[in-house]
Amino acid sequence: MSIGEFVHDETPSSEIDRLEALYRPLADAVRDLVDATIRTTVDDATIRRTQADVEALVARLRARQLDGPAGVRFNSEARAWNWGNAVVGQRNALAPPLHLVRDPGGLLHADVVLGAAYEGPPGLVHGGVAALLLDHLMGETASAGHSRVTLTGTLTMRYRRGTPLGPLRLEGRIDREDGRKVYVVATLADAEGVTVEADGVFIVPRWA
Ligand SMILES: CCCCCCCCCCCCCC(=O)SCCNC(=O)CCNC(=O)[C@H](O)C(C)(C)COP(=O)(O)OP(=O)(O)OC[C@H]1O[C@@H](n2cnc3c(N)ncnc32)[C@H](O)[C@@H]1OP(=O)(O)O
């Protein structure tokens, strides 16, 4: 396997900052729209009118767009940006988005609030969403600050109890390494404690 969308792109970091500041409020507004679409109780005519408005907005944005996905880009200043990423993408309204914080001791963590768009069982986070967020955090943990590319080889989740929608915390750390295999452990927790435990093997691919 190879990855076609790691692109060296010499856009200066200052311009990336400017573009992120431009797009982030748009993605936030679309994320809000998703939540409002799930929870609204307005009348039928208002729904149809809103649908037409949204379709007009989509047409406006599609006037000029990329042919495919956003990919992962990086410049010589070691700045990387992956605006379409399903978990951290700054322009992706489907992403919560997760803001990852690296502690000096090697722990990677993120605080996030998951709302109605991430529901599985009533009032609880969808198990696949929990796995999605943990997978990403663990992949970033394994890649050690973007110093190497790692891909998920095997991921094991243990759902200890339901994860309520609302404020949550993810934590991940490298457990051990063996050649190109990086073993990572992680947790998802609410205020009462751990709800999901995960362990995974992340592989530095032979082509990397
Ligand atoms: C510059 C910008 C950077 C930005 C970074 C953004 C970070 C974003 C982070 C995003 C995070 C999101 C994360 C995502 O979403 S990653 C997306 C989901 N994952 C994938 O798509 C991976 C698909 N699989 C592959 O590409 C290959 O099979 C890989 C790369 C995994 C191995 O193919 P490769 O040809 O390289 O391997 P090898 O045959 O030489 O074997 C090597 C060793 O590994 C062992 N092994 C092999 N497979 C597995 C397995 N499945 N489980 C456990 N172990 C496995 C094997 O036994 C051997 O060990 P040993 O026998 O030597 O002991």
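Calculation criteria
- Residues numbered from 1 in each chain as written.
- Predicted model: local features only at pLDDT ≥ 70, side-chain atom pairs only at ≥ 80, totals over all residues.
- Heavy atoms only, no water.
- UniProt positions renumbered as here; feature names shortened; annotations may be inferred.
- Pairing = 2+ DSSP bridges.
- Helix = DSSP H or I, 4+ residues; strand = E, 2+ residues; numbered from the N terminus.
- Salt bridge = Lys/Arg side-chain N within 4 Å of Asp/Glu carboxyl O.
- Buried < 20%, exposed > 50% of the residue type's maximum accessible area, 1.4 Å probe, protein only.
- Near = heavy atom within 4 Å.
- Polar contact = N/O pair within 3.5 Å; in protein donor to acceptor, adjacent residues only side chain to side chain.
- Areas by Shrake-Rupley, 256 points an atom, 1.4 Å probe, with all protein chains shown as cover.

- As annotated in an unreviewed UniProt entry, the chain is Acyl-coenzyme A thioesterase THEM4 from Nocardioides caricicola.
- UniProt, in the comment section headed Sequence similarities (unreviewed entry), describes the chain in these words: "Belongs to the THEM4/THEM5 thioesterase family."

**Considering the sheet that holds strand E3 (residues 80-81)**
Here is step 1 of the chain: If you trace the 3 strands from one edge of the open sheet to the other, you get E1-E2-E3, paired in mixed fashion. Because the sheet does not close on itself, it has two edges, and the strands there are strand E1 (6-8) and E3.
Here is step 2 of the chain: Bridging between E1 and strand E2 (residues 72-74) involves 3 bridges; their strand directions are parallel. The partner of Phe-6 across the bridge, within E2, is Val-72.

**Quick notes on the pattern of salt bridges**
Here is step 1 of the chain: The tally for this structure, following the rule as stated, stands at 15 salt bridges.
Here is step 2 of the chain: For Asp-28, the salt bridge is made with Arg-31, and the minimal N-O distance between the two is 2.9 Å. Residue Asp-28 and its partner Arg-31 are located together in helix H1 (residues 13-39), separated by 3 residues, close to a single helical turn.
Here is step 3 of the chain: The class of Asp-28 is partly exposed, set by a relative accessible area of 37%.
Here is step 4 of the chain: A salt bridge links Arg-169 to Glu-171, with the nearest nitrogen and oxygen atoms 2.9 Å apart.
Here is step 5 of the chain: For Arg-169, a relative accessible area of 29% gives the class partly exposed.
Here is step 6 of the chain: Under the relative-accessibility criterion, Glu-171 is labelled partly exposed at 29%.
Here is step 7 of the chain: Salt bridges linked by common partners bring Asp-17, Glu-20, Arg-24 and Arg-79 together as one network.

**Describing the site of the ligand**
Here is step 1 of the chain: Taken together, 16 residues sit near the ligand, with Gly-153, Thr-154, Arg-180, Lys-181 and Arg-206 positioned nearest.
Here is step 2 of the chain: In the environment of the ligand, a nitrogen atom lies 3.0 Å from a nitrogen or oxygen atom belonging to the backbone of Gly-153.
Here is step 3 of the chain: Within the backbone of Arg-206, a nitrogen or oxygen atom sits 2.8 Å from an oxygen atom of the ligand.
Here is step 4 of the chain: A total of 1300 Å² of accessible area belongs to the ligand in isolation, and the protein chains cover 60% of it.
Here is step 5 of the chain: Broken down by secondary-structure element, the contributors of at least two residues to the shell around the ligand are helix H3 (127-142) and strand E6 (151-159).

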